[in-house]
Amino acid sequence: MVAVEAIAEARIHLDRTTGYIESCQTGDGGFFFARIPPSGGADTYYAVRSLQLLRREPADAEAVRSWLRESAQGELTANPKGIFFLVETGLALGLPVSELRGWAAGLSDWANPEGGFGGWRNVDVEVSSELDITYRAAATILDLGLELDNGSVSRFLLRFLNTDGGFGVNSFSTLASTFYAVQTLSRLGLPPLELTVEWLRHREVFWDILYLEQLHRLVMSLTALGEAVRERDRAIDFVLHCRRENGGFARARFGIPTLEYTHYALETLSALEVM
């Protein structure tokens, strides 16, 4: 079992995590883990949402809002991922929904003929999942209270359900695709698929977890399905071994901290009720 002292120490360590995140705010108002401008949409999202998990706001929240508004006029609104990062950060900082809906106007252009969003065939090897764009587009639309064809999106996602219960192309299930599918289907109100729960339980027992994003996807998928994490102590221990002295978290036991992996760590710890 993870010692009570270790969990207590982790909670104290989170004060340093706040400092690490705040130190990554750059002169242009946004955030970048390298601490030099220009800031990025993804890092700004991870920073603001991480601070939210820590029950904090950015030290200069108004500068972040200004950066978001300026960035919404540029290339970040040219694709669903950029729109997702801008809109979700804007919602976290209390920007008017009416304004954010304008930023998301281009999402409809990314609808595909199968009911989802973005490409799903021959996806670039660097893309984590063919369901990534559908997950982000659907989340943005739902969070803005816009109209979404729930049935079409659900049918598109269920095309990737494999006989083992996981999701992925060519009958090969992955944690990434299963995470995106489960998160979206749960938000659309579909009941948990027992076969998917069994697949996740198998991954939990087999524990081929090498990186923090894998653990994050496993924990958050089980949580979305209303399932408790049985390997809770093991999961907490993995996250704690990814932390660094400056308060940030790295991808694994070795490596440099980034805002992305710090967010995965905090969201995982929150789901495990450590925070």
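Heads up: the structure comes first, above all this text.
Treat the numbers as computed from the prediction; the structure is a model and nothing was measured. (Residues numbered from 1 in each chain as written. Predicted model: local features only at pLDDT ≥ 70, side-chain atom pairs only at ≥ 80, totals over all residues. Heavy atoms only, no water.)

**Examining the packing of aromatic side chains**
Think of a pair of aromatic rings as described by two things: how far the centres are apart, and how the planes are tilted against each other in angle. Taken as a whole and assessed by the stated rule, the structure comprises 13 aromatic pairs. With 5.3 Å between their ring centres and 65° between their planes, Phe179 and Tyr180 make a pair best called edge-to-face. Seen from the ring of Tyr211, Arg251 lies directly overhead, with NZ or CZ sitting 3.8 Å from the centre. (Phe/Tyr/Trp six-rings, centres within 6.5 Å; stacked < 30°, edge-to-face > 60°. Lys NZ or Arg CZ within 6 Å of the ring centre and 35° of its normal.)

**Some words on the packing of helix H3 (residues 61-71) against helix H4 (residues 80-92)**
At a minimum axis distance of 10 Å, the contact between H3 and H4 shows a crossing angle of 150°. In the packing of H3 onto H4, the handedness of the crossing is left-handed. Contacts from Trp67, Leu68 and Ser71 in H3 reach Leu86, Thr89 and Gly90 in H4. Classifying every residue of the contact of H3 with H4 gives three nonpolar, three polar and no charged. (Axes fitted to C-alpha atoms, helices over the stretch in contact; angles between N-to-C directions. Helix = DSSP H or I, 4+ residues; strand = E, 2+ residues; numbered from the N terminus. Left-handed = near helix turned anticlockwise from the far one by under 90°. Contact = heavy atoms within 4.5 Å. Nonpolar A, V, L, I, M, F, W, Y, C, P; charged D, E, K, R; others polar.)

**So, the nonpolar core**
Ranked by internal contacts, the top residues of the largest apolar core, which has 79 residues, are Ile21, Phe31, Leu68, Trp103, Leu212, Leu215 and Leu259. The element contributing the most residues to this core is helix H8 (residues 175-187), with seven residues. Those residues within four positions of Trp103 in sequence are excluded, and the remaining contacts are Leu68, Arg69, Ala72, Thr77, Ile83, Leu86, Val87 and Leu95. (Core = buried A, V, L, I, M, F, W, Y, C linked by side-chain atoms within 4.5 Å. Buried < 20%, exposed > 50% of the residue type's maximum accessible area, 1.4 Å probe, protein only.)

Taken by themselves, the reported measurements are silent on function.
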